[in-house]
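Analysis of the macromolecular model
Each chain is listed here by its residues.
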Amino acid sequence: MPITPANGRTTDTARPSAPGAEAGSTEPIMLELVDEDGVTIGTAEKLSAHLAPGRLHRAFSVFLFDDDGRLLLQRRALGKYHSPGVWSNTCCGHPYPGEPPFVAATRRTAEELGVAPALLREAGTVRYNHPDPASGLVEQEYNHLFAGLVRGKPEPDPEEIGEIAFVSPEELAGLLEGNPFSAWFLTVLDAARPAIREITGSAAGW
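Residues numbered from 1 in each chain as written. Predicted model: local features only at pLDDT ≥ 70, side-chain atom pairs only at ≥ 80, totals over all residues. Heavy atoms only, no water.

**Overview of helix α2 (residues 101-113)**
Here α2 contains 13 residues, and its C-alpha end-to-end distance of 18 Å stays within 8% of the 18 Å for a straight helix at 1.5 Å per residue. Listed in full, the buried residues belonging to α2 are Pro101, Ala104, Ala105, Arg107, Arg108, Thr109, Glu112 and Leu113. Just beyond α2, the residue with positive phi is glycine 114, at close to 65°. (Helix = DSSP H or I, 4+ residues; strand = E, 2+ residues; numbered from the N terminus. Expected span 1.5 Å × (residues − 1). Buried < 20%, exposed > 50% of the residue type's maximum accessible area, 1.4 Å probe, protein only.)

And the structure:
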(Lines give C-alpha, C1' and ligand atoms only; values in the text may rest on other atoms or scores of the structure.)
Protein backbone atom coordinates (compact mmCIF):
# COMPACT_ATOMS: atom_id res chain seq x y z
CA MET A 1 0.00 0.00 0.00
CA PRO A 2 2.27 2.83 -1.19
CA ILE A 3 1.41 6.19 0.35
CA THR A 4 2.36 9.21 -1.70
CA PRO A 5 2.82 12.68 -0.19
CA ALA A 6 1.11 15.43 -2.15
CA ASN A 7 3.54 16.77 -4.77
CA GLY A 8 6.33 15.10 -2.83
CA ARG A 9 5.82 17.43 0.14
CA THR A 10 4.24 17.09 3.54
CA THR A 11 1.81 19.71 4.81
CA ASP A 12 2.96 20.06 8.42
CA THR A 13 3.57 23.77 7.88
CA ALA A 14 0.44 24.45 5.87
CA ARG A 15 -1.46 27.54 6.96
CA PRO A 16 -5.21 27.23 7.43
CA SER A 17 -7.42 28.98 4.88
CA ALA A 18 -10.09 31.31 6.14
CA PRO A 19 -12.89 29.29 7.76
CA GLY A 20 -15.59 28.56 5.21
CA ALA A 21 -13.25 29.18 2.25
CA GLU A 22 -11.59 26.77 -0.15
CA ALA A 23 -7.87 26.29 0.40
CA GLY A 24 -5.91 29.26 -0.93
CA SER A 25 -8.96 31.55 -0.91
CA THR A 26 -10.25 34.13 1.54
CA GLU A 27 -13.73 34.38 0.00
CA PRO A 28 -16.57 32.65 1.90
CA ILE A 29 -18.20 29.70 0.13
CA MET A 30 -21.97 29.46 -0.10
CA LEU A 31 -23.78 26.12 0.11
CA GLU A 32 -27.24 24.94 -0.88
CA LEU A 33 -29.57 24.23 2.04
CA VAL A 34 -32.02 21.41 1.31
CA ASP A 35 -35.01 19.70 2.88
CA GLU A 36 -35.16 16.00 3.75
CA ASP A 37 -36.03 15.18 0.13
CA GLY A 38 -33.00 17.02 -1.23
CA VAL A 39 -35.01 19.98 -2.54
CA THR A 40 -33.16 23.30 -2.39
CA ILE A 41 -34.68 25.68 0.18
CA GLY A 42 -32.00 28.37 0.44
CA THR A 43 -28.28 29.04 0.90
CA ALA A 44 -25.88 29.46 3.80
CA GLU A 45 -22.22 30.31 4.28
CA LYS A 46 -20.13 27.13 4.53
CA LEU A 47 -18.89 27.50 8.11
CA SER A 48 -22.27 28.58 9.48
CA ALA A 49 -23.91 25.50 7.94
CA HIS A 50 -21.50 23.29 9.91
CA LEU A 51 -21.88 24.94 13.32
CA ALA A 52 -23.78 22.78 15.81
CA PRO A 53 -26.44 21.53 15.42
CA GLY A 54 -25.72 21.94 11.69
CA ARG A 55 -28.01 22.85 8.80
CA LEU A 56 -28.92 20.24 6.20
CA HIS A 57 -27.06 21.02 2.99
CA ARG A 58 -26.11 19.43 -0.32
CA ALA A 59 -22.78 17.63 -0.60
CA PHE A 60 -21.04 15.05 -2.78
CA SER A 61 -18.58 12.19 -2.27
CA VAL A 62 -16.41 10.55 -4.95
CA PHE A 63 -14.88 7.06 -4.93
CA LEU A 64 -12.33 6.38 -7.68
CA PHE A 65 -10.61 3.04 -8.33
CA ASP A 66 -7.66 1.95 -10.43
CA ASP A 67 -7.88 -0.93 -12.90
CA ASP A 68 -6.88 -3.36 -10.13
CA GLY A 69 -9.93 -2.37 -8.08
CA ARG A 70 -7.99 -0.41 -5.46
CA LEU A 71 -9.66 2.63 -3.90
CA LEU A 72 -7.90 5.99 -4.09
CA LEU A 73 -7.87 7.52 -0.60
CA GLN A 74 -6.70 10.95 0.45
CA ARG A 75 -5.44 12.22 3.79
CA ARG A 76 -6.80 15.69 4.26
CA ALA A 77 -4.16 18.41 4.58
CA LEU A 78 -3.25 19.57 8.07
CA GLY A 79 -4.19 23.13 7.11
CA LYS A 80 -7.86 22.25 6.59
CA TYR A 81 -10.15 23.88 9.18
CA HIS A 82 -12.52 20.87 9.14
CA SER A 83 -11.24 17.32 9.81
CA PRO A 84 -7.56 18.07 9.12
CA GLY A 85 -5.07 15.23 8.86
CA VAL A 86 -7.61 12.40 8.62
CA TRP A 87 -8.02 9.85 5.84
CA SER A 88 -11.13 9.97 3.68
CA ASN A 89 -12.57 8.97 0.32
CA THR A 90 -11.13 10.14 -3.00
CA CYS A 91 -12.81 13.54 -2.96
CA CYS A 92 -15.74 15.21 -1.22
CA GLY A 93 -17.20 18.66 -1.04
CA HIS A 94 -20.19 20.86 -1.74
CA PRO A 95 -21.71 22.10 -4.99
CA TYR A 96 -22.00 25.84 -5.39
CA PRO A 97 -25.62 27.04 -5.34
CA GLY A 98 -27.19 25.96 -8.62
CA GLU A 99 -24.23 23.76 -9.62
CA PRO A 100 -25.18 20.16 -10.52
CA PRO A 101 -23.55 17.67 -8.09
CA PHE A 102 -21.93 15.73 -10.96
CA VAL A 103 -20.28 18.91 -12.23
CA ALA A 104 -19.10 19.79 -8.71
CA ALA A 105 -17.68 16.30 -8.22
CA THR A 106 -15.63 16.43 -11.41
CA ARG A 107 -14.52 20.00 -10.72
CA ARG A 108 -13.25 19.29 -7.21
CA THR A 109 -11.60 16.02 -8.25
CA ALA A 110 -9.57 17.99 -10.79
CA GLU A 111 -8.82 20.81 -8.34
CA GLU A 112 -7.73 18.55 -5.49
CA LEU A 113 -6.11 15.65 -7.35
CA GLY A 114 -5.14 17.11 -10.72
CA VAL A 115 -6.75 14.24 -12.58
CA ALA A 116 -9.98 13.57 -14.45
CA PRO A 117 -11.93 10.34 -13.88
CA ALA A 118 -11.84 7.89 -16.78
CA LEU A 119 -15.37 6.93 -15.75
CA LEU A 120 -17.74 8.47 -13.25
CA ARG A 121 -21.32 7.45 -12.50
CA GLU A 122 -23.96 8.26 -9.92
CA ALA A 123 -23.99 5.92 -6.92
CA GLY A 124 -27.08 7.12 -5.04
CA THR A 125 -27.62 9.55 -2.20
CA VAL A 126 -27.35 9.30 1.57
CA ARG A 127 -28.47 11.62 4.35
CA TYR A 128 -26.54 11.70 7.63
CA ASN A 129 -25.77 13.68 10.77
CA HIS A 130 -22.14 13.26 11.86
CA PRO A 131 -20.54 15.49 14.52
CA ASP A 132 -16.77 15.89 14.26
CA PRO A 133 -15.41 15.48 17.83
CA ALA A 134 -12.12 17.22 17.08
CA SER A 135 -13.55 20.48 15.68
CA GLY A 136 -17.04 20.50 17.18
CA LEU A 137 -18.48 21.01 13.69
CA VAL A 138 -21.44 18.97 12.44
CA GLU A 139 -22.02 17.33 9.08
CA GLN A 140 -25.74 17.53 8.35
CA GLU A 141 -25.59 16.47 4.72
CA TYR A 142 -27.69 15.25 1.83
CA ASN A 143 -24.83 13.60 -0.02
CA HIS A 144 -24.75 12.71 -3.72
CA LEU A 145 -22.45 9.73 -4.28
CA PHE A 146 -20.29 9.03 -7.33
CA ALA A 147 -18.05 6.09 -8.21
CA GLY A 148 -15.69 5.59 -11.10
CA LEU A 149 -12.25 4.78 -12.44
CA VAL A 150 -9.03 6.76 -12.59
CA ARG A 151 -6.18 5.98 -14.96
CA GLY A 152 -4.16 9.18 -14.91
CA LYS A 153 -1.49 9.85 -12.29
CA PRO A 154 -2.90 11.97 -9.44
CA GLU A 155 -1.05 15.20 -8.71
CA PRO A 156 -2.64 16.29 -5.41
CA ASP A 157 -2.74 19.90 -4.31
CA PRO A 158 -0.76 20.00 -1.02
CA GLU A 159 -3.05 22.72 0.35
CA GLU A 160 -5.91 20.24 0.13
CA ILE A 161 -4.28 16.82 0.48
CA GLY A 162 -1.41 15.59 2.63
CA GLU A 163 -1.05 12.09 1.18
CA ILE A 164 -2.79 9.67 -1.15
CA ALA A 165 -2.91 5.88 -1.26
CA PHE A 166 -4.49 3.20 -3.44
CA VAL A 167 -5.84 0.43 -1.18
CA SER A 168 -7.51 -2.95 -1.49
CA PRO A 169 -10.34 -3.81 0.91
CA GLU A 170 -7.85 -5.69 3.11
CA GLU A 171 -5.43 -2.76 3.17
CA LEU A 172 -8.28 -0.40 3.99
CA ALA A 173 -9.24 -2.57 6.96
CA GLY A 174 -5.69 -2.32 8.28
CA LEU A 175 -5.59 1.44 7.76
CA LEU A 176 -8.90 1.85 9.58
CA GLU A 177 -7.51 0.04 12.64
CA GLY A 178 -4.61 2.39 13.24
CA ASN A 179 -5.51 5.74 11.68
CA PRO A 180 -8.19 8.42 12.06
CA PHE A 181 -10.74 8.68 9.26
CA SER A 182 -13.35 11.31 8.51
CA ALA A 183 -16.59 10.96 10.47
CA TRP A 184 -18.58 10.41 7.26
CA PHE A 185 -16.26 7.93 5.51
CA LEU A 186 -17.85 4.60 6.43
CA THR A 187 -21.37 5.95 5.94
CA VAL A 188 -20.72 7.11 2.38
CA LEU A 189 -18.66 4.03 1.53
CA ASP A 190 -21.40 1.64 2.64
CA ALA A 191 -24.05 3.62 0.75
CA ALA A 192 -21.98 3.59 -2.46
CA ARG A 193 -21.01 -0.12 -2.31
CA PRO A 194 -23.64 -1.41 -4.81
CA ALA A 195 -22.35 0.93 -7.53
CA ILE A 196 -18.75 0.29 -6.51
CA ARG A 197 -19.22 -3.46 -6.95
CA GLU A 198 -20.70 -2.95 -10.41
CA ILE A 199 -17.68 -0.88 -11.45
CA THR A 200 -14.87 -2.91 -9.86
CA GLY A 201 -16.31 -6.43 -10.23
CA SER A 202 -16.74 -9.13 -7.61
CA ALA A 203 -13.05 -10.08 -7.63
CA ALA A 204 -12.05 -6.70 -6.14
CA GLY A 205 -13.81 -7.63 -2.89
CA TRP A 206 -15.81 -4.45 -2.23
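**Things to note about unusual backbone geometry**
Cis geometry is found at the peptide bond from alanine 52 to proline 53, where omega equals 5°. Secondary-structure assignment places proline 53 in the loop between α1 (46-50) and β4 (57-65). Its identity is not glycine, yet serine 83 carries a phi of approximately 55°, on the positive side. Looking at the secondary structure, you find serine 83 in the loop between β5 (71-76) and β6 (87-88). On the accessibility criterion, serine 83 (5% relative accessible area) is buried.

**What to know about the side chain of threonine 90**
Structurally, threonine 90 can be placed in the loop between β6 and β7 (91-93). A polar side-chain atom of threonine 90 sits 2.9 Å from the main-chain amide nitrogen of leucine 64. (Polar contact = N/O pair within 3.5 Å; in protein donor to acceptor, adjacent residues only side chain to side chain.)

**Some remarks on the nonpolar core**
Core analysis: the largest hydrophobic core is formed by 27 residues, its most contacted members being Phe63, Leu71, Leu73, Leu172, Phe185 and Ile196. Mapped onto this core, the elements with two or more residues apiece are β4, β5, β8 (119-131), β9 (138-149), β10 (161-167), α3 (169-178) and α4 (185-200). Examining the composition of this core, we find that seven residues originate from one element, α4, more than from any other. Those residues in contact with leucine 73, other than ones at most four positions away along the chain, are Trp87, Ser88, Asn89, Glu163, Ile164, Ala165, Val167, Leu172, Leu175, Phe181 and Phe185. (Core = buried A, V, L, I, M, F, W, Y, C linked by side-chain atoms within 4.5 Å. Contact = heavy atoms within 4.5 Å.)

**Section: the UniProt feature "domain: Nudix hydrolase" (unreviewed entry) in the protein**
Mapped onto the present numbering, the UniProt feature "domain: Nudix hydrolase" (unreviewed entry) falls at residues 55-189. Span residues 55-189 is 21% helix and 39% strand, its end C-alpha atoms 22 Å apart. (UniProt positions renumbered as here; feature names shortened; annotations may be inferred.)

**Some details on the pairing of strand β3 (residues 40-45)**
In terms of strand pairing, strand β2 (residues 30-34) meets β3 through five bridges, oriented antiparallel. Paired with valine 34 across the strands is threonine 40, a residue of β3. Between β2 and β3, which follow one another and run antiparallel, lie five residues, and glycine 38 among them has a positive phi close to 80°. (Pairing = 2+ DSSP bridges.)

**Description of the UniProt feature "active site" (unreviewed entry) in the protein**
When the UniProt feature table is mapped to this numbering, "active site" (unreviewed entry) covers Cys92 and Glu141. In summary, the annotated positions, though distributed over 50 residues, converge in three dimensions, the widest C-alpha pair being only 11.6 Å. With respect to the helices, strands and loops of the structure, cysteine 92 is situated in strand β7. Ignoring sequence-local partners within four residues, the contact set of cysteine 92 consists of Phe60, Ser61, Arg76, Glu112 and Trp184. Along the chain, glutamate 141 turns up in strand β9. Under the relative-accessibility criterion, glutamate 141 is labelled buried at 5%. Among residues more than four places away in sequence, those in contact with glutamate 141 are His50, Leu56, His57, Ala59, His94, Val126, Arg127 and Tyr128. Here the side chain of glutamate 141 touches histidine 57 through a polar contact of 3.1 Å, side chain to side chain.

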